[in-house]
Amino acid sequence: MTDDSDDPTLPVLARNVRRLRHHRKLTQFELARRCKLSSRTILAIEQGQNTPNLTTIELLAQAFGKSASTLLHDPDSRSTTTRFLVDLLARASARKRSAIVGYAKHLMDPPDSTTSTI
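In this report, the structure presented in the accompanying data block is examined.

Among the structural elements, Val12 can be located in helix α1 (residues 10-23). Val12 sits in the buried class, given a relative accessible area of 10%. Expressed as a C-alpha distance, the spacing of Val12 and Pro75, which sit 63 residues apart in the sequence, is 8.8 Å. Beyond its immediate stretch of four places on either side in the chain, Val12 contacts Leu71, Leu72, His73 and Asp74.

Residue Lys25 is not a glycine yet carries a positive backbone phi of 55 degrees. Position of Lys25 relative to the elements: it lies in the loop between α1 and α2 (28-35). You will see that Lys36, though not glycine, has its phi angle at about 60 degrees, which is positive. By the element assignment, Lys36 lies in the loop between α2 and α3 (39-46). Looking at Lys36, the relative accessible area reads 77%, which means it is exposed.

Moving on, we get to α2. Here α2 has its buried residues at Leu31, Ala32 and Cys35. Taken end-on, α2 shows its buried residues confined to a sector of 100 degrees, consistent with a single buried face. Turned more than 90 degrees away from the buried face of α2 sit Phe29, Arg33 and Arg34, all of them exposed. Downstream of α2 by one or two residues, Lys36 has phi in the positive range, about 60 degrees.

With that settled, consider the packing of α2 against α3. Remark: α2 packs on α3, axes separated minimally by 8 Å, with the N-to-C direction vectors making an angle of 110 degrees. Classed by the angle they form, the pair α2 and α3 counts as roughly perpendicular. Two packed elements cross with a definite hand, and for α2 against α3 that hand is right-handed. Between α2 and α3, the residues in contact are Gln28, Phe29, Leu31 and Ala32 and Ser39, Ile42, Leu43 and Glu46, respectively.

Rules behind the numbers
- Residues numbered from 1 in each chain as written.
- Predicted model: local features only at pLDDT ≥ 70, side-chain atom pairs only at ≥ 80, totals over all residues.
- Heavy atoms only, no water.
- Helix = DSSP H or I, 4+ residues; strand = E, 2+ residues; numbered from the N terminus.
- Buried < 20%, exposed > 50% of the residue type's maximum accessible area, 1.4 Å probe, protein only.
- Contact = heavy atoms within 4.5 Å.
- Arc of directions from axis to C-beta.
- Axes fitted to C-alpha atoms, helices over the stretch in contact; angles between N-to-C directions.
- Parallel < 35°, antiparallel > 145°, perpendicular 65-115°, else oblique.
- Left-handed = near helix turned anticlockwise from the far one by under 90°.

Next up, the structure:
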């Protein structure tokens with residue numbers, strides 16, 4: 001375990017571990033016992049005070065029945081494309097917003113077999 005509070009994955013990992021632990025109605029002590037870790041280690045991870053090594057992340061993932069990547073994934077993050085589109089819509093006039101949304105809906109509609117798209 002290393003102390004590295006600048007690691008960008010810590011808040012996500014901390015949130016995910018805490019969220020999954022609460023969802024499973026586990027105490028920090030119970031989770032620690034399942035992972036063969038100390039409850040101090042679980043506390044430090046949940047508070048984002050330490051960066052766990054890959055073995056520890058894998059132990060946590062196994063305790064939750066999840067993959068390690070699940071623990072490191074931020075479900076609240078938006079893709080670059082989504083952020084771009086949200087920004088584009090925010091800056092567009094009402095008329096342009098309406099046109100963009102209309103075009104997007106057109107793209108999402110299944111093609112009509114009786115008309116050509118070319």
